[in-house]
Each structure stands twice: as structure tokens, then as C-alpha cells.
Amino acid sequence: MSALETEHIRKNQALLFEGDSGQKGDEPPPFLLLPSDLKKIVNEIRTIEFNPSLLRWIEDYEKVGQRGRYLWQWCLKGVRLTTLPCVEPRLRDHVIETKMLSILYGTLIDDIADREQDKEMLEMAVRLGFDEWASDRLALWTGRRRDYLEMIARLGSEVWARCETYPRFSEFESMLHFDNQQSLNAMRYALLVNHSPGILNSIEHDLYQPHNMQIMFMASVDLAASPGFDTNELGLAREIFWHAQRMGRIGNMLTTWEREVLDRDFTSGVFAHALGRHVLSPSDLRSSPAHEIMSVLETAQCQAHFIREWKSHREQMAAKIQSLSCCDLTPYLHAFEQLIVLHLCSRGLM
């Protein structure tokens, strides 16, 4: 990690936690870490090991997918942090692995929209497992694209088979399907934007793209394995999960937008915000060199806008948690405070 990167991270952390209540005098706010601390976190992530079952899935992914091993180590740490405290303890490890498989599944589909930018392949991918015709049609595909789609089909089937074993699956089945479809729709929107950058805007980004984080879907998986959760409070809980998903998406945007410029993937809210402020135009996204786009965004300090937004969601999430009586989701809030630090210290690594 370069000195420039650690200074960027330090400034963003300072913005995240400046003005926090409950701090005395010059006492530093929680999670405001030194460069040495950030390097330690990255090194700890790199040492994370996978159980044999999950490792086999990751090795199968690596035969067709493009992402490096660090991403899956990072995701496993994040999923462990953000799994709801109400999950049945005996099911916790199983649930964590199920959610890791859902991330592998979602990443494969997301990369079709963002990297392959292949409409036919994306439509095939999102229908696999839910449309019998699509599964039959898979036999018509050949080569690398067939291997890639077969991996998506296998992962999708495994995720649902595992979810079906959870004690409250029948109660949450419809919600699980709904949340998964929201994630898939986010990927359709991403492809639409990549094909036509002129349609990108902050309102639609904020409606659709946060769902590609799958945080609401993963919370629904947790609830299916949470015998003590009171469904009378489900609406309030989903508001909490929605704020968490927005916080997760902001961390992801701050971490990955530079890599996305190089990939010519302009679905991030960073680009939507820049267009709204007229510091970039759709023609810039179509034709300007990557280094020019990066320079404009750095100068415009777009990250500060999203850090303020993250803080707003954090405050609203904390307030709603106080009204939830069936379980204490304060650890869930703290997990997302830690998650954005994991995002910031992994800038350029995912």
C-alpha cells in the first residue's frame, strides 16, 4: 500500500467519523486507524483460509471467473461480520457458507454486465434456475461461455438447496426470491448503463444498483435460519437492512471506482454523481482516456459526497435499531462501521 493510498484512506476515515458524539477531548473516534493498522488488516485478510467445501467452490469458480483470491477472503471476513446475531448458533457456519456461494453466483452474473457486457449471456444467466426453458437451452451454448453459465447454474441450485434446509424457509421463500430478483435486476440495469451511459443518473442508480450488494437477500437468508425473530417487526427490520445495503454499496463504490474506469464500467454512483454535477459528460465516459476520468473525479472530490451519505444512513440505521424489540441489531450496525474500513483499506485490491 503506497503512501498516497494510505493518506487517501486516512482522509476518508476522518470524514466518516468526524463529529461523532460521545467522544471526549482529543480522543480519536472508533475505527480511525493509522496506516500501519490498515496494512495489518489487509495482511490479516490475506491469511484467511476457507473450509474444504467452500474452497472447492472457489477453485471451481477460478476455472471460469476473473476475480482474485483476495476478494473471496475479504468477502468471508465481511460475511462473518455482518451475519445477523439472531441466526441459530448451530446454523451460523452453514449460513455463512450459503451467503458466500450467493456472492460467487452474483459476482459471476455481475461480471457479465460489467466486464463482458453481453446482453444475450446476461439474460441466459438470470433465467437459469428459474426458467425450465432456459435450463434446456443451456445445451445450445458452447466453449467458455457454456462453462461459465453452467457454473452459475450450479451455484444457484446449491444456494437454494441450502436455504431450503433452514427452519423458516417456507415463511421467507417468497421474500428470498423477491430479493434475489432485485439483485438480478440491478445487473440488468448495469448492462443498460454500460451500453448507453447517457441514461445514468443518481436517482435510478440509488434505486437499482445497491441491490447488487445482495445485503437484503443475505439478511433474508439469515432470517430463514433465525427461529426467534418476530415477523411482526419484519418491516422495520427490512428498513434497517436497506440502510445497511446502502452503506455497503457506498463502501464498494469508494473502493472500486478506479478499477471500474479501467474496465470501462460506469455503473457506479460515483459516475452518476459526477454527471449530475456536470464535472463529466456521457461523451467523456464513452471516449475519454481512463487517466483523464480519474483525474477529474479526484479533483472534484466526489468521495466526500458519499461519505456524508454513508453517515446519514448510519444515523438512520442506528435510530431504527432502537425501535426493534425482538433482537438487538446493534452488533449489525457495528459490523457495517467495520465493513467500510475493510473497504477503504482494500482500495485497489478488489
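What counts, and where the lines are drawn
- Residues numbered from 1 in each chain as written.
- Predicted model: local features only at pLDDT ≥ 70, side-chain atom pairs only at ≥ 80, totals over all residues.
- Heavy atoms only, no water.
- Helix = DSSP H or I, 4+ residues; strand = E, 2+ residues; numbered from the N terminus.
- Rg over C-alpha atoms; globule rule 2.2 N^0.38 Å.
- Buried < 20%, exposed > 50% of the residue type's maximum accessible area, 1.4 Å probe, protein only.
- Contact = heavy atoms within 4.5 Å.
- Areas by Shrake-Rupley, 256 points an atom, 1.4 Å probe, with all protein chains shown as cover.
- Lys, Arg positive; Asp, Glu negative; His and termini not counted.
- Charge placed at Lys NZ, Arg CZ, Asp CG, Glu CD.
- 1 Å grid on protein atoms, 1.4 Å probe; cavity = no way out; pocket = protein on both sides within 12 Å on 5 of 7 lines; lining within 4 Å.
- Points joined across faces, edges and corners; volume = space filled by probe spheres on them.
- Nonpolar A, V, L, I, M, F, W, Y, C, P; charged D, E, K, R; others polar.
- Expected span 1.5 Å × (residues − 1).
- Arc of directions from axis to C-beta.
- Salt bridge = Lys/Arg side-chain N within 4 Å of Asp/Glu carboxyl O.

1. Overview of the overall build of the protein
Phase 1: Looking only at helices and strands, the protein has 17 helices and 0 strands in total.
Phase 2: In terms of overall dimensions, the protein is globule-like: its C-alpha atoms have a radius of gyration of 20 Å, near the 20 Å expected for 350 residues.
Phase 3: Projected onto the principal axes, the alpha-carbon positions of the protein cover approximately 60 × 50 × 35 Å.
Phase 4: Burial analysis of the protein (350 residues in total) assigns 54% to the buried set.
Phase 5: Partitioning the contacts of the protein with sequence separation of at least 6, the portion at a separation of at least 24 is 76%.
Phase 6: Split by element, the accessible area of the protein, about 15,200 Å² in all, is 50% carbon and sulfur.
Phase 7: Charge-centre separation for the protein: the mean point of 38 positive side chains lies 3 Å from the mean point of 49 negative side chains.

2. Describing empty space enclosed by the protein
Phase 1: One pass over the structure, following the stated rule, counts 2 cavities of 30 Å³ or more.
Phase 2: Taken as a whole, the largest cavity spans an internal volume of roughly 610 Å³.
Phase 3: Surrounding the largest cavity, 34 residues form its lining, Cys75, Ile103, Asn212, Met213 and Asn252 being those nearest its centre.
Phase 4: Sorting the residues of the lining of the largest cavity by element identifies helix H4 (69-82), helix H5 (92-116), helix H11 (215-224), helix H12 (234-263) and helix H17 (330-345) as the ones contributing at least two each.
Phase 5: Class assignment for the residues of the lining of the largest cavity results in 14 nonpolar, 11 polar and 9 charged.
Phase 6: A volume near 30 Å³ is recorded for the second largest cavity.

3. Remarks on helix H8 (residues 143-163)
Phase 1: The first and last C-alpha atoms of H8 sit 31 Å apart over 21 residues, in line with the 30 Å expected at 1.5 Å per residue.
Phase 2: Restricting attention to buried positions, one finds in H8 the residues Tyr148, Leu149, Met151, Ile152, Leu155, Gly156, Val159, Trp160, Arg162 and Cys163. One side of H8 holds all its buried residues, which, seen down the axis, span an arc of 165 degrees.
Phase 3: Those residues of H8 hidden inside the fold are in contact with helix H3 (52-62), H5, helix H6 (119-127), helix H9 (169-195) and H11.

4. Observations concerning the side chain of Arg238
Phase 1: In this structure, Arg238 sits in helix H12.
Phase 2: If we ignore the near neighbours within four places in the chain, the residues touching Arg238 are Met175, Phe178, Asp179, Met216 and Ser220.

5. As for the pattern of salt bridges
Phase 1: Applying the stated rule across the entire model yields 25 salt bridges.
Phase 2: Arg154 is paired through a salt bridge with Asp60; the nearest N and O atoms lie 3.2 Å apart. Taken as a pair, Arg154 in helix H8 and Asp60 in helix H3 lie far apart in primary sequence, 94 residues in all.
Phase 3: When its relative accessible area of 40% is taken as the criterion, Arg154 is described as partly exposed.
Phase 4: Between Arg168 and Glu171 there is a salt bridge, with the nearest N and O atoms lying 2.9 Å from each other.
Phase 5: Given the relative accessible area of 9%, Arg168 is considered buried.
Phase 6: Relative accessible area serves as the criterion here: at 48%, Glu171 is assigned to the partly exposed category.

6. Some details on the environment of Leu104
Phase 1: Looking at the element boundaries, Leu104 is found in helix H5.
Phase 2: Counting along the chain gives 13 residues from Leu104 to Gln117, while the straight-line C-alpha distance between them is 18 Å.
Phase 3: Residues within four places of Leu104 in sequence aside, it is in contact with Trp57, Ile58, Tyr61, Trp72 and Leu155.

7. As for H3
Since one α-helical turn is 3.6 residues long, residues separated by three or four positions face the same way.
Phase 1: Taken as a whole, H3 has its buried residues at Leu54, Trp57, Ile58, Asp60 and Tyr61. Down the axis of H3, the buried set is contained in an arc of 160 degrees. They therefore lie on one face. Exposed residues lying more than 90 degrees from the buried face of H3 are Pro52 and Arg56.
Phase 2: On its buried face, H3 sits against H4, H5 and H8.

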